[in-house]
Amino acid sequence: MLLPPTDSKIVARRAQIVAALQKIVPDGVVADRSGLATFDSDALSAYHQMPLVCVLPSNREQVSAILKFAQADGVPIVPRGAGTSLSGGALPREDGILIGMGRMKRIIEIDYENGCVVVEPGVTNLNITKAVEANGFYYAPDPSSQVACTIGGNVAENSGGLHCLKYGLTTNNLLGVTMVLPGGEIVTLGGKSGSQGGLDLLGLVTGSEGLLGVVVEVVVKILRKAPVTRTLMASFDSVPAAGACVAAIIADGVVPAAMEFMDKRAAGAIESYNHPGYPLDAEAILIIDADGVEADVSYEVSRVIDIVAKCGGKTVEATDEKQRARIWSGRKAAFAAMGKLAPDMICMDGTIPRHALPQVLEEMAKLSEQYGLGFCNVFHAGDGNLHPLIIFDTMKPGEFERAEAFGADILRLCVKVGGVLSGEHGIGIEKRDLMTDQFTTEDLAQQGRVKCAFDAQGLFNPGKVFPTLSACIEQGHIHVHGAQLPHPHLPRY
Amino acid sequence: MSKADTPSQVADFVRAARADKAPFEIVAGGTRRSVGRPLGELPLLDVSGLSGVLKYEPEELIITAAPATPLAEINAVLVQKNQRLGFDPADWSRLLKSNGVATLAGAASSDASGSGKLRHGGARDSLLGFQAVNGLGETFRGGSKVVKNVTGFDLPKLMCGAYGTLSVLTEMTFRVYPKPQHAVILRLADVTPEDGFAALRRIAHSALEPAGLAYLPAGMMTGVGQGAAVIKLEGARQPLEEKIALAHGLLGNVMQRVDEDPFPAIGCGEKFADIPGDVWRVMVAPSDAPRVARQLQAQHWLGDWAGGVIWLAAAPTEAARIRKVAAEAKGQAMLLRASPESRALHGLYAAQPAALAALGRAVKAAFDPLSLFNPGRL
């Protein structure tokens, strides 16, 4: 994966840039090599790059001053929360300022009357829930990195989690953000009233992967914790039977709080890792949470048990809170458990229409043979969000490249059956070059013009999300001839 | 008037308009033409022929339809599989005295959600993907046809509430939701706005997943003393009984169960259809609703979404004062029904701060650089 070429003139000005940032944030500039090494990658750890300099602002005025300086001086900006992106969204640039938002971590206001919390972007996802759980509330999106990941990063990536099917992604749980635009202006989009009085720029900014500005304040909705949650584990003799069961549950009108699928290989790895009690003879397992008021949950559970039986599966229910936690601890440890099977792995992330599941699983198995690499499947079955884990060994020459190619083929397969490249991890650099598999030239040009509306100089997170270098042209009109992208001579990085 | 019945006819029309630098008004069912700044005598592009369900996959919770599909048609198709649209699309035609047919794209483009928005969010939370023609005459897609997607910019969100100023929609894919088997209306009568809204917020922040939470003062509902808090709960029969018991527990056994469901009329603004004057929707933080309602000093008003929106009728001379009350509460006052002169003067929403307004214009230009589509409406 190539990044846009480094601008050596910027690198040559490093000392002046560092000095300018030190004036803005006297106690928050990291410029020494060992300090910068901390920031040289995110959770897509195959890629490393030292930033030119890292700056850690502690208020919105500093962020604004940094962005004004960067624009005036023509220096790229890479925003970073906790660095947990799985798609390389926060990978630094050698000629760019890494702006780390971790110091802005105040919870500004908890407003139970309006069911919302106002926070700075560096507050972790889980700390929002911790701040309100004593009063029976929680923040619904729960990405697996929720202990570490920040709400600012969640906004940038439109993070999901296990409970999206019922409770939505980050975008469905936001009321407003205040952000600093590339020119340094501060704008507020939405707020407690939930209304923006114009275009839904809040919706646009959410999930924009640090390409449009830096979020400095976030208003999130909080929900009342459901009084009852019950967990079922269903096992099946065949993968297609499990897939059909997922579709049947949804078609029945039941929307479980979570519905997770894992194949035999994943279940086996997890079972030997932390012994959650998964049946080892099943070809596929579903873990299903139902939550709500007691009668609602009883009704859903009885529907699910019926449907599972009709699909040829067997259901067991967690008898107490301890067993419930154990079943889920297994699912949450899937990544670590698979790590025991091989030295390295990559976690893919695509969404498919649920009816395509048997076909996709079959074709993935063929690809696995073709590439000579093992894989297993865990996925958010309720919303069709696949997370195949590809296992490989970087010490074996060519395996990393083969694993990446295998992963890319899986994502192309997702698109081919009517799905998408990313359900929740984002595009970043990881899937950037596959964007042309999902979108036409016109689709991408339209998104590119939206980017230009915010960032005419193209300084924000360059090299992420979009595969082609495209200048922002007068009136936003990029000329397209035939199927050719503009500037065909320019490299696609 | 020109007619475009296929996406390629739309693209042809836009390219010709672009060549002539000739702005136009997009019309499908025509029920919402009197919302927003008047467009004057522009040529019309009639897209009402772009109608019909294209693909409905109930087990995927997804429906794809042409934009001018009537809401009634979509609802009839969905109800056969016990499903519904999540954003409770509101038909404003009675309020706006229009004889047209409310359509899917009209409802989404005007962000017209009824009382049920409480449960599954607005149009922006349901529109998964679309195809459209931009101001360059190019056909493009945004979003996708799966329920969970973060690939590229979330353009579907932008299309909702844009009033057709960004593109001409040619296809839309929505997430749909199961339709609960039963619903019940509970009424807490003879309460002040303060007590009524407080009761509604208690239900809003419970685990009861209410489908409607409105306060109606005496003038808007008869036989309820000084006013009523009205609550709609849904579910299968037995869970619903439990929810009713829980609601009584939360509010102290003082609610009556009533037969009449006022929410369809509330969401569509029909309560104001026959009341003279301008009609406003003021969006505020729900806990500010009683105070803002008092400050608005309207004879005819009600609060929906647990106080998140206050509907009111007012004399045209009140416009500036209403906007001021909304701004002081950090809310938005939307002028939904008014004379062309009032709408020209006051716009649909208050003017935005300069940086935000500039950003909005830049985003509009990114789709429609020559401002061909419904210019100035938003």
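Everything numeric in this text was worked out from a predicted model, so none of it was measured.

## Side note on the overall build of chain B
So, point 1. In terms of regular secondary structure, chain B is built from 12 helices and 17 strands.
So, point 2. On C-alpha atoms alone, chain B measures out to a radius of gyration of 21 Å, which is about the 21 Å that the 2.2 N^0.38 rule sets for 378 residues.
So, point 3. Projected onto its principal axes, the C-alpha positions of chain B cover 65 × 50 × 35 Å.
So, point 4. Within chain B, the proportion of its 378 residues that are buried is 61%.
So, point 5. In chain B, the share of contacts with a sequence separation of at least 24, taken over all contacts with a separation of at least 6, comes to 70%.

## Remarks on the sheet that holds strand β3 (residues 44-46) of chain B
Residue and element names in this part refer to chain B.
So, point 1. An order of β1-β3-β2 is seen for the three strands of this open sheet, with the pairing classed as parallel. This sheet does not close on itself; its edge strands, each paired only once, are β1 (2-3) and β2 (25-27).
So, point 2. Pairing analysis gives three bridges linking β2 to β3, with the strands arranged parallel. By the bridge assignment for β3, Glu25 is matched with Leu44.

## Side note on helix α15 (residues 399-416) of chain A
Residues and elements named next belong to chain A.
So, point 1. For α15, which comprises 18 residues, the first-to-last C-alpha distance of 25 Å matches the rise-based estimate of 26 Å (1.5 Å per residue) to within 8%.
So, point 2. Those residues of α15 lying buried are Glu399, Ala403, Phe406, Gly407, Ile410, Leu411, Leu413 and Cys414. Looking straight down α15, one finds that the buried residues subtend no more than 155° of arc, so they occupy a single side.
So, point 3. Contact partners of the buried residues in α15: β16 (344-347), β17 (350-351), α14 (357-371) and β19 (385-392).
So, point 4. Residue Gly418 follows α15 closely and has a positive phi angle near 100°.

## Some words on the domain arrangement of chain A
A common way to express how large an interface is: the accessible area buried when the components associate.
All names here are of chain A.
So, point 1. Along its sequence, chain A is organised into domain 1 (8-100), domain 2 (107-224), domain 3 (228-320) and domain 4 (342-416).
So, point 2. Elements represented by at least two residues in the side of domain 3 that touches domain 4 include exactly α9 (239-251), β13 (258-263) and α10 (264-274).
So, point 3. Looking at the side of domain 3 that touches domain 4 residue by residue, the class counts come to 13 nonpolar, one polar and three charged.

## Some remarks on the packing of α9(A) against helix α11 (residues 294-310) of chain A
Residues and elements named next belong to chain A.
So, point 1. Two elements in contact, α9 and α11, have axes whose closest approach is 9 Å; the angle formed by their N-to-C orientations is 140°. Every pair of crossing elements has a handedness; the one defined by α9 and α11 is right-handed. Of α11, the residues touching α9 (which contributes Cys245, Ala248 and Ile249) are Val304, Ile307 and Val308.
So, point 2. Classifying every residue of the contact of α9 with α11 by side-chain character gives six nonpolar, no polar and no charged.

## A few points about the domain arrangement of chain B
Residue and element names in this part refer to chain B.
So, point 1. Split into domains, chain B comes out as domain 1 (2-178), domain 2 (182-266) and domain 3 (272-346).
So, point 2. A C-alpha centroid distance of 26 Å is found between domain 1 and domain 3.
So, point 3. Between domain 1 and domain 3, the residue contacts involve 10 residues of the former and 11 residues of the latter.
So, point 4. The residue inventory of the side of domain 1 that touches domain 3, partitioned by class, reads five nonpolar, two polar and three charged.

## Observations regarding the interface of chain A and chain B
So, point 1. Each partner contributes residues to the interface: chain A has 74 residues there, and chain B has 66 residues.
So, point 2. Among the elements that make up the side of chain A that touches chain B, the one with the highest residue count is helix α17 (residues 441-454) of chain A (eight residues).
So, point 3. The class makeup of the residues in the side of chain A that touches chain B is 26 nonpolar, 34 polar and 14 charged.

What counts and what doesn't
- Residues numbered from 1 in each chain as written.
- Chains lettered and ligands numbered in written order.
- Predicted model: local features only at pLDDT ≥ 70, side-chain atom pairs only at ≥ 80, totals over all residues.
- Helix = DSSP H or I, 4+ residues; strand = E, 2+ residues; numbered from the N terminus.
- Rg over C-alpha atoms; globule rule 2.2 N^0.38 Å.
- Buried ≥ 20, exposed ≤ 12 C-beta atoms within 10 Å, placed from the backbone.
- Contact = placed C-beta atoms within 7 Å.
- Pairing = 2+ DSSP bridges.
- Expected span 1.5 Å × (residues − 1).
- Arc of directions from axis to C-beta.
- Domains from an automatic or database assignment.
- Nonpolar A, V, L, I, M, F, W, Y, C, P; charged D, E, K, R; others polar.
- Axes fitted to C-alpha atoms, helices over the stretch in contact; angles between N-to-C directions.
- Left-handed = near helix turned anticlockwise from the far one by under 90°.

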